[in-house]
Amino acid sequence: MGINFKLLLAGSVVAIGAMALLASSINEREQERVELHKTPVIAKSIENKSEEWARYYPRQYSSWKKTKEQDELTDMLKEKSQLAVLWAGYGFAKDYNAPRGHYYALQDNVNTLRTGAPVDDKTGPMPTACWTCKSPDVPRIQERDGELEYFTGKWSKYGDEIVNTIGCASCHSNETGELLVRVPHLDRALKSAGLPTFAESTHQEKRNLVCAQCHVEYYFQKTEWKDKDGNKKIAKVVTLPWANGLTAEGAEKYYNDMNFTDWTHKISKTKMLKTQHPGYELYKTGIHGQKGVSCADCHMPYTQEGSVKYSDHQLQNPLETMDRSCMNCHRESEKKLKEIVHRKYERKDQLHEIAMDNLAKAHLETAKAMEAGATDAELKDIRANIRSAQWNWDYAVASHPAFFHAPEETLRLLAVANEKAQNARIGLVGVLAKHGVMNYSAPDFSTKEKAQKLAGVPFEKLVAAKLKFKKTLEKEWYKQAEAKGTLNAKASRQGLDDVETAYSK
Ligand code: HEC
Ligand code: HEC
Ligand code: HEC
Ligand code: HEC
């Protein structure tokens, strides 16, 4: 046997060994692949608890749970003090923070001063509808009690039932694992706009529509119904105003045609509209929406781990994941692309500030005109301008990053808002002069405290009541939910009891 052959043999043994190792690792991966594609059925009774999905989908679960890292609280009433004046008499003047991770969605809803301090299941300022975009327990209750029963009564009615934050069952079928929207309001809205329903939509569009069950404009439609014993009840049903199209103008006409008012402004007595967060609608007008880039393409980029490719479920700001979220389509450097995005933000912010200042002054000048004796008839056109201006402004900014998702539409809406607010103020100069008031200048609203005072918000009182609620009824809710088996607090409520709020600082 020549030396070369021996070497060759030794080499083969090593190679065979390596191949065996490789084979066993392929085997393991194959097993994992098969395991992953077996589509386990998650029992209906536990599908609301995302930790129950972890066994079958460990990567999606652990990336989903990472939204816990996005815990930064931004008190928008501090950042933009005009807001408390613009929303005087409405819940948002009490407390309003920028969005953060889905992990906090449910807790932030419980913590906000807007949901008040109920003492039992029949008290508090808000209807049950306020839970709708926070939890997979919502479709569970709708399926159990009926949609109209779910939408009837006070928010506190379901405090011990709606206890898990946005999770797997918010977007996936428990049986097939496929994308699914269970809440019926989205399909009704799509139909009203003449668009395909969720089931009829393309796969790429479904990657938007799971988000559109929450990141949309909506209102609570008063609906009379009779329960099975014939008792008359009134439900407040989440409804998207899409019948005239998915535009700011379409929705405004929809509300005006039905004489709808969210609230009467405490300072100017204007009948106001509050925009929620038309994120999906605005995104549709932007270049990425037009070109069919979906929410999931940027916010849930594919991630490779060994031979397994999965969607990153840590929904967050995609500028944190540019290599996976942007760079497969864009050729600029990350730095350059970020600068372009930032410049878009600055352009929006400039018009945003002008619009808020104009609107806040218009409300305060209207109050002065009333004080000087101006009649409702004299203020009619002025109030119509204020209502429409604020609607357009709010539509442009309520879903924060519209400056990126839809830059042109955002700037257009802010321009319209500014023109209408200016028209109101020009009208006010005339009305004030007629009643003998010259050179009036509105009071200072440059801090949250000053603005909340003008808006008549009893901040300290609200905080005291909320803290009491948090020590009593809220604790009771989780105890009861654990007893019922719908909550596993140890797995899903880590850190939530003392997460930062705008009033805990
Ligand atoms: C069941 C309702 C619901 C669904 C479905 C939903 N969201 Fe959200 N989302 C929310 C709420 C509520 C918040 C605000 C949470 C908070 O501030 O506590 C939020 C916050 C966010 C944030 C802010 C995160 C941060 O760190 O600032 C992003 C990004 C986001 N959602 C993207 C998406 C995308 C993309 C989809 C679809 C794949 C989606 N969401 C589906 C309700 C939902
Ligand atoms: C806000 C909606 C949303 C939530 C919440 C959500 N998913 Fe997903 N999930 C998606 C989207 C969108 C995709 C991409 C689906 C596609 O294109 O087929 C996806 C894909 C998946 C896939 C297919 C493989 C992959 O990674 O692309 C699995 C499995 C999965 N999710 C499991 C989970 C589990 C487990 C949870 C809870 C821990 C969860 N999802 C929570 C929206 C969501
Ligand atoms: C082309 C990529 C892209 C697409 C598509 C996209 N987004 Fe975004 N999104 C971003 C970027 C980038 C930001 C952060 C902008 C900023 O604040 O600097 C963002 C921010 C957000 C935020 C706010 C985060 C915060 O903390 O303020 C939400 C909510 C959101 N997107 C939801 C959606 C939804 C819902 C869709 C689909 C209807 C969508 N996005 C489609 C890139 C995208
Ligand atoms: C699936 C492909 C795709 C992804 C992913 C994508 N883009 Fe784009 N983006 C496009 C296309 C297509 C255009 C339109 C311009 C064109 O046709 O060249 C565009 C345009 C833009 C523009 C200019 C548009 C304007 O409104 O001025 C910016 C800025 C931009 N993208 C940023 C981003 C960022 C940031 C991300 C990641 C968060 C991202 N894009 C992800 C495809 C993509």
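Every chain is numbered on its own, with residues counted from 1 as its sequence reads. Throughout, the order in which chains and ligands are written sets their labels, letters from A for the former and numbers from 1 for the latter. At least 70 in pLDDT is required for a residue's local features to be given in this predicted model, at least 80 for side-chain atom pairs to be given and counted, and no such filter applies to totals for whole chains, interfaces and linings, which use all residues.

A. The overall build of the protein, seen in detail. Looking only at helices and strands, the protein features 23 helices and six strands. The principal-axis extents of the C-alpha atoms in the protein amount to approximately 115 × 60 × 45 Å. Exposed residues have 12 or fewer other C-beta atoms within 10 Å of their own C-beta, buried residues have 20 or more, and partly exposed residues fall in between, where C-beta atoms are placed from the backbone. The buried share among the 505 residues of the protein stands at 41%. Any two residues are considered in contact once their C-beta atoms, placed from the backbone, lie within 7 Å. When contacts within the protein are restricted to residue pairs at least 6 apart in sequence, those whose partners lie at least 24 apart make up 73%. Labels follow the DSSP assignment, with helices taken as runs of H or I lasting at least four residues and strands as runs of E lasting at least two, numbered in each case from the N terminus.

B. Representation of the confidence of the model for the protein. On average, residues of the protein score 94 in pLDDT, and 92% of them are at 70 or above. Predicted confidence is poor over residues 1-22, with pLDDT under 50, and the contacts of this stretch with residues over four places away or in other chains come to one contact. Confidence of the predictor at the level of single residues is captured by pLDDT, which takes values from 0 to 100.

C. Main features of the pairing of strand 5 (residues 302-305). By the bridge criterion, four bridges tie strand 5 to strand 6 (residues 308-311) in an arrangement that is antiparallel. Directly across from glutamine 304, in strand 6, lies its bridge partner lysine 309. Any two strands with at least two DSSP-identified bridges between them are counted as paired. Taken together, strand 5 and the strand that follows it, strand 6, pair antiparallel across an intervening segment of two residues, in which glycine 306 is found at a positive phi of about 60°.

D. Local environment of the site of ligand 3. By definition, a residue lies near a molecule or strand provided its backbone-derived C-beta atom is within 6 Å of it. Close contacts around ligand 3 come from 22 residues, with Cys211, His215, Cys295, Cys298 and Pro401 the closest. Counting residues per element, the ones that place at least two in the shell around ligand 3 are helix 10 (203-212), helix 12 (279-285), helix 14 (295-299) and helix 18 (402-405). For the shell around ligand 3, the element with the highest residue contribution is helix 14, accounting for four residues. When residues are sorted by character, Ala, Val, Leu, Ile, Met, Phe, Trp, Tyr, Cys and Pro go into the nonpolar class, Asp, Glu, Lys and Arg into the charged class, and all the rest, Gly among them, into the polar class. Taken together, the residues of the shell around ligand 3 sort by class into 13 nonpolar, eight polar and one charged.

E. Quick peek at helix 9 (residues 185-192). Listed in full, the buried residues belonging to helix 9 are His185, Leu186, Ala189 and Leu190. Take helix 9 and look down its axis: the buried residues cluster within an arc of 135°, on one side only. Once helix 9 finishes, glycine 194 follows within two positions and takes phi at roughly 75°, a positive value. This arc corresponds to the set of directions leading from the helix axis out to the C-beta atoms.

F. Summary view of the site of ligand 2. Close contacts around ligand 2 come from 21 residues, with Tyr57, Cys168, Cys171, Tyr310 and Ser311 the closest. Contributing elements (two or more residues each) for the shell around ligand 2: helix 2 (58-65), helix 8 (168-171), helix 10 and strand 6. Classifying every residue of the shell around ligand 2 by side-chain character gives twelve nonpolar, eight polar and one charged.

G. Quick peek at unusual backbone geometry. The backbone phi angle of asparagine 259 is positive, close to 55°, even though this residue is not glycine. Residue placement: asparagine 259 occurs in the loop between helix 11 (248-257) and strand 3 (263-264). In this structure asparagine 259 comes out as exposed when scored by C-beta crowding, with 7 C-beta atoms within 10 Å. Despite not being glycine, asparagine 439 has its phi angle at roughly 50°, a positive value. Assessed through the 7 C-beta atoms surrounding it within 10 Å, asparagine 439 is described here as exposed.

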